[in-house]
Each structure stands twice: as structure tokens, then as C-alpha cells.
Protein chains: 4
Amino acid sequence: MKKIIIAGPRGKMGSEAIKLVQSHEDMRLVACIDRKNNGKKLADIAELPNLDVPIYEDALECFSEIDADILIELTIPEQGYKHTKAAMEHGIRPVVGTTGFTEEQIDELSWLASERKIGCIIAPNFAIGAVLMMKFSQMAAQYFPDVDIIEKHHDNKLDAPSGTAVKTAEMIKESREYKKQGHADEKETYPGARGADYDGMRIHSVRLPGLVAHQEVIFGSPGQTLTIKHDSINRASFMEGIKLATDKVMEIQEVIYGLENVL
Amino acid sequence: MKKIIIAGPRGKMGSEAIKLVQSHEDMRLVACIDRKNNGKKLADIAELPNLDVPIYEDALECFSEIDADILIELTIPEQGYKHTKAAMEHGIRPVVGTTGFTEEQIDELSWLASERKIGCIIAPNFAIGAVLMMKFSQMAAQYFPDVDIIEKHHDNKLDAPSGTAVKTAEMIKESREYKKQGHADEKETYPGARGADYDGMRIHSVRLPGLVAHQEVIFGSPGQTLTIKHDSINRASFMEGIKLATDKVMEIQEVIYGLENVL
Amino acid sequence: MKKIIIAGPRGKMGSEAIKLVQSHEDMRLVACIDRKNNGKKLADIAELPNLDVPIYEDALECFSEIDADILIELTIPEQGYKHTKAAMEHGIRPVVGTTGFTEEQIDELSWLASERKIGCIIAPNFAIGAVLMMKFSQMAAQYFPDVDIIEKHHDNKLDAPSGTAVKTAEMIKESREYKKQGHADEKETYPGARGADYDGMRIHSVRLPGLVAHQEVIFGSPGQTLTIKHDSINRASFMEGIKLATDKVMEIQEVIYGLENVL
Amino acid sequence: MKKIIIAGPRGKMGSEAIKLVQSHEDMRLVACIDRKNNGKKLADIAELPNLDVPIYEDALECFSEIDADILIELTIPEQGYKHTKAAMEHGIRPVVGTTGFTEEQIDELSWLASERKIGCIIAPNFAIGAVLMMKFSQMAAQYFPDVDIIEKHHDNKLDAPSGTAVKTAEMIKESREYKKQGHADEKETYPGARGADYDGMRIHSVRLPGLVAHQEVIFGSPGQTLTIKHDSINRASFMEGIKLATDKVMEIQEVIYGLENVL
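Residues numbered from 1 in each chain as written. Chains lettered and ligands numbered in written order. Predicted model: local features only at pLDDT ≥ 70, side-chain atom pairs only at ≥ 80, totals over all residues. Heavy atoms only, no water.

- Going by the annotation in an unreviewed UniProt entry, the name recorded for chain A is 4-hydroxy-tetrahydrodipicolinate reductase, with Oceanobacillus picturae given as the source organism.
- What the UniProt record of chain A gives under Function (unreviewed entry) is the line "Catalyzes the conversion of 4-hydroxy-tetrahydrodipicolinate (HTPA) to tetrahydrodipicolinate."
- Quoted straight from UniProt, the Pathway (unreviewed entry) entry for chain A says "Amino-acid biosynthesis; L-lysine biosynthesis via DAP pathway; (S)-tetrahydrodipicolinate from L-aspartate: step 4/4." (UniProt positions renumbered as here; feature names shortened; annotations may be inferred.)

See the structure below:
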């Protein structure tokens, strides 16, 4: 039985994480860290489930008073780093969905991990499907240098291409022999038709209402194409990755960055 | 029984057209027009099927000597127009896959059609599937103004977007209320990511080995997307459209331009 | 300005309908019919928006007291029919998402519509995208008799194939010439591989977590395939259809059954 | 420079293999083994390219007279085994696309490989894309036990599901924890709708004109799906795999069965 503390229980990720813990028999929620509601129970808060679990505003107080195995950290970077470090100092293993730690911070946590012989997993993306898509794409690119990425998102998204598409292209670049794709003399009669150029490969960003978060990576070779596609419709997609990380974090004595290094 | 003349029997389209005629009991090949091989039979030419059908280099001679109902015209524009006009003057109904006729030429043929009470069908694209894709897209755009077009072709294609994609966008524009799509403040971190802008909608061109000719038109609306997709792998896709046109051309007394007006 | 009454405001569809009315300037919510909360305002109910709009338990009382143009009826069949009929008797035009009316009931409503010169629209499916998919499939089947339907739903769905898939197959059957598809001698080495047989065409039902409601209709012909695909991720997809129906119902003096007859 | 003998030069695979060798500077065709045309040159045969390369009917004679590095074996199983064994006895490394060897035969070849310190690669499927699809599917199944396979082929195919679909399911089974998929109480209103049951997962076979050979493997998990898809349009898809095998076979001293073990 793993005793779990969740930091950020009222966020979208946090509320899913509570459901996750509730639905697994080998996990038990023992406390939450929130920036308000100190001293209350989850059951006291309208939007939280009816559980007799204490809420702390002060992480150090929480870690001192509560006997826990794992911290699931889902707040913002500034808080996140403090929580993560303090947890490790108290022998509590962090599983961190908060992104934006600096390299220096990660080094510090790594030193702490080896010092205390305790694991820590930090992942910018806990959707196992997305992580597998990137990993498989990197593997396929060894054999198929021709690749286009099409990512599709709702039309409220500001940036194009998506972070996942750029990350995928970066990972492909590591295993792909450079190739300027398409016909040497190809011509865009409407500019932008051929998409963004990333190291010779092409990225296309579709934005439409009715979409959520989708990506397909298409590899072409004479006579065949291989497509790896991920469709995400809500944050439930992160929970299996967090579950996997809570299992794995108990077995390691280092900091692992990126879910792809857990799979 | 429709008696058929085929112009351009040694081209890729022409050789498919011969197979088409051979495989339908209500059609019979009575002559071919070719720019060489005058006076020979199809059976004399290594690359053509073993048929006792005469070849003419001179279209007028062919139309005078041969009793035919339909000319399937699959040569180049210059020849194509001459053949088409001459056929109609001889009471032979043309089904024309050659593109590139001028408006003036089409007017002339229309006048001829009403004068002689004879049909003629000219189509830049005989793939029924592609034509339906465009027609359905035009219909859907009345209800869904948000639309992205993704077209995918082999990487020897020079122009992007494809002619079919541009034609589809033109047809959509006719029924769609103008909308500048995407978030008002969206930003391309890699230029071209959001594709080509055509009247506010977006067109994306994928070029990869292993692809032939593919297009999908995606309409988005809150909570749903509707996608219309056409995949073509070889010229056999044109034959059903030519068959349909040979049936229809017997019933009309005008020039119809575009297979969409036959469907 | 169309004055709207919504029946069933606390259901999933109802709460979306309230948002719909609120987001359009040419619509105004004037009352709700609910099976509890009589005499209260929407603002009094925690789960409803903060609006000074009265709630009635008795539909007749509501229709007598409130000046309205349209009833959006989203309750259960038994209530639905009573509400619909009473609304028409009070000169209020119904847009009905409740399904399950008998033929007799629809006849009665049709008689009432012509008597009172008032419109009524009843639709089992208000997702315009789904309705267009079915309509386009029916059109395409005239040219392509070979068709497989693949529908994909979440794995809590009990029945296979889905109602939409069967309805699509029925509509295709009306325009398709009968054909027993596949090779005459084809053999299933694992039973069920070729899916369900509906009038010679094939229907396949995929059930997986992570899916919501998806369907693709694939037409095949030598050298080409045409695919029409609808993806629905939540009930927002119904709202555009309801909006369309509220516009249309003001212009007609009959009962229209099925959104496809409005498009 | 690798000196290559091709067995079966007039078959569909063989003629693609000749093109493959011609298009790579590090490969040279030195002989062919055919069941007719003994003593002739490729240039003498109408359907073969204009090359001054000898044809042998007797494989032993060929291997004795010709200095070669690799045999690309693309005939039928009976011949294939004899050729493969004889090649190894002459120090020529076989790359074998012929399938249907018995386990005993493979053992014999393995013994020969270690004896002679020579490599041999036998692969039932040389399409790298298909092999990667299977490999990735096996990897993904560790994390996602819910999986449906949809395979699509032309409507002249006799067996359903396809051999590749069954092989994929077998490979998934090895890494997937058994799960009976779908709702426990699900019901087929039309039998076969839910496809074939293979160890609790589902396989669906689509057969339509206009298709060639396609497969998608869909993994579902709360909030997300991961899809791995392979589309093959002609035999060119096998050539990259054969090329890879000719490189690899020079480096090994054993028999490798299955391209997945080379990747």
C-alpha cells in the first residue's frame, strides 16, 4: 500500500489524480497540499470528494506530520521545486508533473536522490500514448528519413506548431539522417502550403473547433507509409502515466526526467 | 450497344479506357485515333490488345468512315479540341478527359451541341470519388465555416497545393461565409506551420514517397468534426467516371463541363 | 428575437441548450419546464446559471402564462409528447430532441401543424455532422455499391452496431443497388472478422476506452476509396443543429422529422 | 561492392529486386537462377532488363562458377530451401523472401551457419513498415491492454483476417496481459459486428475494391488512443527491407528469422 500526498488537489490534474488514487487498491491518499484551506479536510471543500483527509498549506509541516511514501506534485514551478526538494529531504518520493525546472534544480535533485537513495520522476508529459508516439517515431526515423508531422488542435491554441510536435521533431532529428524532403524544384503557389521546415522535415498545424489534441507522424518510403497517431481528448490521458510513475519511483534511487525513460 | 472511338489509345488513360470498353457488354470499340500507326490494327501494335480494330491518324477520315456513337478523347488540348469539334459535326458525342480548353472553345462547342442536338461531356477530373469529395465539401461548408484541407502526394510532385485542393477551396468558398480561421492572436514559431491561407481557410501539402494522390477536407464545429477523404492509387479511378459520362452523354443535347454536373 | 422555453434544463442536453440560448443575441430564454423546482427561478438552483427565469412543473401553466415562440423539448418521450402537443395548441413551435414518438403521435402532431399553421421539428440526432455523414453516404452509394462502415465507441456501450451505424446502413440501402460484397469464396478463419452483414455491406464495431463516438463510411471502387467520417467528442455537437432547427421552425407550417430534411 | 545472385528474376518480387540492385552503387548483379532460360543472358529475355548477366537453371552450377557474396532467394519453398542450403555450402550468404521452411530445415541452416561462420536472413515479410508496426504494437500493448486491429484489403482476398493481422495479434499477445475487451454485457444486434475475438482483443477485416494492403492497430486508454498504421500500395515496399538484409547478412554468422530481429 503506497501512501500518497497530492499537491494541487483543486487543479484539473489534481482532481484527476485524486480519482486515480481512489480507484486503485494499492494506493491511499493521506494528505493534500493546497495554497488555501489549511487545517480543513477534503470533505469540507465543496469541489473535493468526501474524504477525511487533511489539507496543509505548509508543505514542510505536511511532510513532518504525515507518514507518506510518494508526493504527486501538480502545482506551479516555483512551488513545485520547493515541494519536490522538501519531500526528498523527508524521504518521500516525488512524482512531478510540474514542468519548468532549471537544469541546476534538476542537478540539485539528482544529488539529493543519490545522497538519500531515493527516487524521483519528473515528466513534462504523462500521456503514455504521446510519449510512445515520440519514441516510436524516433525508432522509425532510422529506417525512413522522409517524415511529415501533422498536429491538430482546437482553435484557441496560440502557438503553432505545438510543443509536442517540436519535441517529436527534435527526437526524430537525433536518429534521422538529414534529408531535405520533397522535390528539389517544388514550388508553393500559395505560401505556407508545404508547412514548417524543421531540419528538412515538414510540420503542419491544423486548428479547428471540435478538435482537442491530436498528432500523426507519417513516414513514407517507396510503396508504403507508416503512421503513428495519438489522439487525446481529456486529462484522463495523463493518469496512467502518473500511475506508472508511482510504481516505478519506489524502485529507483535517482532522478528520471521524461516518461520515455520509464517506459 | 454504344460504338466507341478512343483517341490516344497508347497513353496511360487510353489503355485503361480500352480495358473499360472491353469489360462492358454494352460498349464496343470500333476505332482508335493515334498520332502514328495509320492503317494498322490494334493487334499489330505490341503494347495494345489483340483486337481487329482500325487505327486512324486523321480524325476526319475516321469520323467519316466509321459509324460511331461516342468519342472518348484522351489526347492533348490542341488535338483534343479539333477532335471534339469534328466529332460533333459528324454526330458523334464526345466524352473529353483532355483539359485546357478556352472559354471561347467551350462556347463554340455549346453552340454546336444545341445546333446539332447532341451531347458532349468535358471533365478535368473523371475520378467520381474526388468529384463527390468536392461536392460534399461545398455542401458541408454551408453549415461548418471552419475547414482545413490536407492533401498528400508522392514527393515527385512539383506544385503545392495540388490542383484538386485549390479547386476544392474555390468550391467551398462559393458556399462558405468568409471566416478568418484560428485564434486571432495565433503565432507561427516555425513559419509555414499553419499552411497556406485561402480565403481564411488553411491548406496543407504533404509530400512523401509511398503516397500517390490523397486529400482530406476536415470541417470543425464545437464538439465534432466531419472529414471527407479521397484516396486514389491509380488511373483505374477515372474509369467509372468515364463510363458514367458515356451513359449520360447519350441522353443530353448540351455541353456539360465538370463531372459534378453529371452526378 | 425568438423567445425560448426549455424543457429539461438540468439534463446534459438541457444545460448545453441554455448555454446556446445565452450565446446568441437573437434568442432569449423566457422559462423552463422541470419536473421539480416549481415557482423557483433558475438563479435559485445551484447547478443552473444565475438567470431570473421562472421554472414551471406544469407545462400547460407555463404555456398559458408565458409569451414564447419556441419550445426546446429535451425530456423523456412520455413527457415529451405531452409538452410538444400542448405547445402547438398554444401557438408555440416545438424543436424536439426527445426520440421515441410513435407514428400515431407524429400523425397527430402533423394534423395539428396544418390546422394551426405552425411548424414543429423532431430530430433523433441534432449533430449536423452526423446527419451530413449519413446524407453524403446515401448520395455516394448511388455510384459506389461497395461500402464498409466502421463505428468506434467507448467500451461502456452495450449495443453493437451503434444506432447511427444501422441508420446509415438503412439510408445507404435506399440508394444502393444490392450487392453481396467481398470475394464469393472468402473465408473467415476467425469468425466475425468480416463484421456484420447488412444487406450485403459490412459493419464493424470498435469498442475501446479513450473513444467517444466516431464513425467512418468507406466506399471502394477500382483505384480509389472515398471516406466520410464523423467524430463527436461531446454534446456541444448537438447545439448547432438545435440552433438551425430554431431558425427553420419559424418558417414552416408542418412537422419535419429528421434534421436531414432541414439541411 | 556486394556481388549478388537473384533466384526468381521473372517473378514480381524478382523484377523489383533487380531494380534494387541496379539502383545501388554498392551492389552488382552477377547471375540469376531461373527455372528456364539456361545459358542465356538477361538481355536475351524480353521481360528482363538489358543486362549482360548469365542465367542458370542449375543452382549448384551457378554457385560453382560465379564468384558471389549474396543470394537473394525469391522462388518457391521447395526450390528455396535447396538454393539456400547450397549457397551457404558455397560461402554465399542467403537473403530469403521465400516462406514455408520447416523448423527442421531452419535448424539445419543454423548449424550450417555456425559451421561455416556465415550469415543467413529469412523473412516472411520484408516490408520494414509492416514489421515496425508489429514491433511497436507489441511494445505498446505492455501499457495498453485494450486493442482493436482493423485490416483493409482489396476484395479479391480470400482469407480474413489477413496473415499480418493474425501475426500482429500473436505478437501483442506475448506482451499483453489477457483482457476480455468491451462491456461485459455487450450485445451484437447484428452478429459479427464486434469482429473476430483473438485472446480477448478484436480484429476487423474490411474488403473493398480500391484498397491494396492496409492495417491499423488502435490502442485505447482513458482519455487517449494510440494508433499505428501501415499502408502498402505495391511490392516496392519490400525492397528497403531486402536492402537492409543484404547489409546485415554480411556482418552476422548465424541464421536470423524475421526482419524484426534485424531492425
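### So, the overall build of chain A
Link 1 in the chain: Each helix and strand counted, chain A has seven helices and 14 strands in total.
Link 2 in the chain: When each of the 263 residues of chain A is scored for burial, the buried share is 59%.
Link 3 in the chain: Taking as baseline every contact in chain A between residues at least 6 positions apart, the subset at least 24 positions apart corresponds to 68%.
Link 4 in the chain: Carbon and sulfur atoms make up 46% of the accessible area of chain A, which amounts to about 10,600 Å² in all.
Link 5 in the chain: For chain A, the distance from the average site of its 31 positive side-chain charges to the average site of its 41 negative ones is 3 Å. (Helix = DSSP H or I, 4+ residues; strand = E, 2+ residues; numbered from the N terminus. Buried < 20%, exposed > 50% of the residue type's maximum accessible area, 1.4 Å probe, protein only. Contact = heavy atoms within 4.5 Å. Areas by Shrake-Rupley, 256 points an atom, 1.4 Å probe, with all protein chains shown as cover. Lys, Arg positive; Asp, Glu negative; His and termini not counted. Charge placed at Lys NZ, Arg CZ, Asp CG, Glu CD.)

### Some remarks on the nonpolar core
Link 1 in the chain: The biggest cluster of nonpolar side chains holds 113 residues, and the ones touching the most others in it are B:Phe219 and C:Phe219.
Link 2 in the chain: With seven residues, helix H5 (residues 128-140) of chain C is the largest single contributor of residues to this core.
Link 3 in the chain: Not counting the four nearest positions on each side in its chain, B:Phe219 is found in contact with A:Leu208, B:Ser137, B:Ala140, B:Ala141, B:Phe144, B:Asp146, B:Val147, B:Ile172, B:Gln224, B:Thr225, B:Leu226 and B:Ile228.
Link 4 in the chain: In terms of nonpolar packing, the next biggest core, distinct from the first, is built from 110 residues, A:Leu42, A:Val131, A:Phe219 and D:Tyr198 among them. (Core = buried A, V, L, I, M, F, W, Y, C linked by side-chain atoms within 4.5 Å.)

### Section: the pairing of strand E13 (residues 224-232) of chain A
Look at any regular strand and the pattern is simple: side chains alternate between the two faces of the sheet.
Link 1 in the chain: Across the nine residues that make up E13(A), a large majority, eight, are buried.
Link 2 in the chain: Relative to E13(A), strand E12 (residues 213-221) of chain A runs antiparallel, the two sharing nine bridges. Each bridged residue has a counterpart across the sheet, and for A:Ala213 the counterpart in E13(A) is A:Ser232.
Link 3 in the chain: Counting the residues in the hairpin turn of E12(A) and E13(A) gives two residues, including A:Gly223, whose phi is positive at 80°.
Link 4 in the chain: Relative to strand E13 (residues 224-232) of chain D, E13(A) is paired through nine bridges, and the arrangement is antiparallel. (Pairing = 2+ DSSP bridges.)

### Structural notes on the environment of D:Ala245
Residues and elements named next belong to chain D.
Link 1 in the chain: Tracing the chain through its elements places Ala-245 in helix H7 (residues 236-249).
Link 2 in the chain: Overall, the relative accessible area of 0% leaves Ala-245 in the buried class.
Link 3 in the chain: Once the C-alpha coordinates of Ala-245 and Val-95 are considered, the two residues, 150 residues apart in sequence, prove to be 6.6 Å apart.
Link 4 in the chain: Setting aside its immediate chain neighbours within four residues, Ala-245 contacts Val-95, Ile-121 and Phe-126.

### Some thoughts on the packing of helix H1 (residues 12-22) of chain D against H7(D)
All names here are of chain D.
Link 1 in the chain: Where H1 contacts H7, the two axes come as close as 10 Å, and the packing angle between them is 55°. It follows that H1 is oblique to H7 by the angle criterion. Taken as a pair, H1 and H7 cross one another with a handedness that is right-handed. Contact with H1, carried on its side by Met-13, Glu-16, Ala-17 and Leu-20, involves Ala-236, Phe-238, Met-239, Ile-242 and Lys-243 of H7 and no other residues of that element.
Link 2 in the chain: Here the residues of the contact of H1 with H7 sort into seven nonpolar, no polar and two charged. (Axes fitted to C-alpha atoms, helices over the stretch in contact; angles between N-to-C directions. Parallel < 35°, antiparallel > 145°, perpendicular 65-115°, else oblique. Left-handed = near helix turned anticlockwise from the far one by under 90°. Nonpolar A, V, L, I, M, F, W, Y, C, P; charged D, E, K, R; others polar.)

### Examining the UniProt feature "domain: Dihydrodipicolinate reductase C-terminal" (unreviewed entry) in chain A
Link 1 in the chain: Annotation from UniProt places "domain: Dihydrodipicolinate reductase C-terminal" (unreviewed entry) at residues 129-263 of chain A.
Link 2 in the chain: Secondary structure within residues 129-263 of chain A divides into 27% helix and 32% strand; the distance between the first and last C-alpha atoms comes to 11 Å.

### Topic: the sheet that holds strand E10 (residues 196-198) of chain D
The strands making up a sheet associate through hydrogen bonds between their backbones, and the pairing can be parallel or antiparallel.
Link 1 in the chain: Ordered in space as E10(A)-E11(A)-E7(A)-E12(A)-E13(A)-E13(D)-E12(D)-E7(D)-E11(D)-E10(D), the ten strands form an open sheet in which the pairing is mixed. The open sheet has two edge strands with one neighbour each: strand E10 (196-198) of chain A together with E10 of chain D. Pairs of neighbouring strands in the sheet enclose a mean axial angle of 20°, with direction left out of account.

### A short note on the pattern of salt bridges
Link 1 in the chain: Within the structure shown, the criterion is met by 88 salt bridges over all chains.
Link 2 in the chain: The salt bridge involving C:Arg10 is made with C:Asp34; its shortest N-O contact spans 2.6 Å. Within this pair, whereas C:Arg10 is found in the loop between strand E1 (2-7) and helix H1 (12-22), its partner C:Asp34 is found in the loop between strand E2 (27-33) and strand E3 (55-56), the two being separated by 24 residues in sequence.
Link 3 in the chain: Owing to a relative accessible area of 23%, C:Arg10 belongs among the partly exposed residues under this scheme.
Link 4 in the chain: The exposure class of C:Asp34 is buried, given its relative accessible area of 6%.
Link 5 in the chain: Connected via shared salt-bridge partners are A:Asp148, A:Lys180, A:Glu186, A:Arg194, A:Asp197 and A:Arg202. (Salt bridge = Lys/Arg side-chain N within 4 Å of Asp/Glu carboxyl O.)

### Things to note about the pairing of strand E11 (residues 201-207) of chain B
Residue and element names in this part refer to chain B.
Link 1 in the chain: With seven of its seven residues buried, E11 lies for the most part within the structure.
Link 2 in the chain: Strand direction decides the pairing type here: strand E7 (residues 146-153) and E11, joined by six bridges, are parallel. Bridge assignment links Ile-150 to a residue of E11, and that residue is His-204.
Link 3 in the chain: In this structure, strand E10 (residues 196-198) lies alongside E11, joined through three bridges in antiparallel fashion. Looking at E11, one finds that Asp-197 is bridged to Arg-202.
Link 4 in the chain: Once E10 ends, the chain turns through two residues before running back antiparallel as E11, passing Asp-199 with a positive phi of about 55°.

### Describing the packing of aromatic side chains
All names here are of chain A.
Link 1 in the chain: Evaluation of the coordinates by the stated rule reveals 14 aromatic pairs over all chains.
Link 2 in the chain: Both rings, one in Tyr-81 and one in Phe-101, keep their centres 5.8 Å apart while their planes meet at 85°; by these two values the pair is edge-to-face. Highlighted residues: Tyr-81 in helix H3 (residues 77-89) and Phe-101 in the loop between strand E5 (93-96) and helix H4 (103-116), separated in sequence by 20 residues. For the pair Tyr-81 and Phe-101, a shared accessibility class is recorded, and that class is buried. (Phe/Tyr/Trp six-rings, centres within 6.5 Å; stacked < 30°, edge-to-face > 60°.)

### Regarding the interface of chain B and chain A
Link 1 in the chain: Facing the 48 residues of chain B at the interface are 48 residues of chain A.
Link 2 in the chain: Summed over both partners, the interface of chain B with chain A comes to about 3,400 Å²; 63% of that surface belongs to carbon and sulfur atoms.
Link 3 in the chain: Looking only at chain B, the three residues that lose the most surface to chain A are B:Leu158, B:Tyr190 and B:Leu208, adding up to 17% of its buried area.
Link 4 in the chain: At the junction of chain B with chain A, the criterion picks out zero salt bridges.
Link 5 in the chain: The interface formed by chain B and chain A holds 16 residue pairs in polar contact (both at pLDDT 80 or more) in total.
Link 6 in the chain: Elements represented by at least two residues in the side of chain B that touches chain A include exactly E7, strand E8 (159-160), strand E9 (187-188), E10, E11, strand E12 (213-221) and strand E13 (224-232) of chain B.
Link 7 in the chain: Across two bridges, the pairing between strand E9 (residues 187-188) of chain A and E8(B) is parallel. By the bridge assignment, A:Lys187 is partnered in E8(B) with B:Asp159. (Buried area = accessible area lost by both parts, 1.4 Å probe. Polar contact = N/O pair within 3.5 Å; in protein donor to acceptor, adjacent residues only side chain to side chain.)

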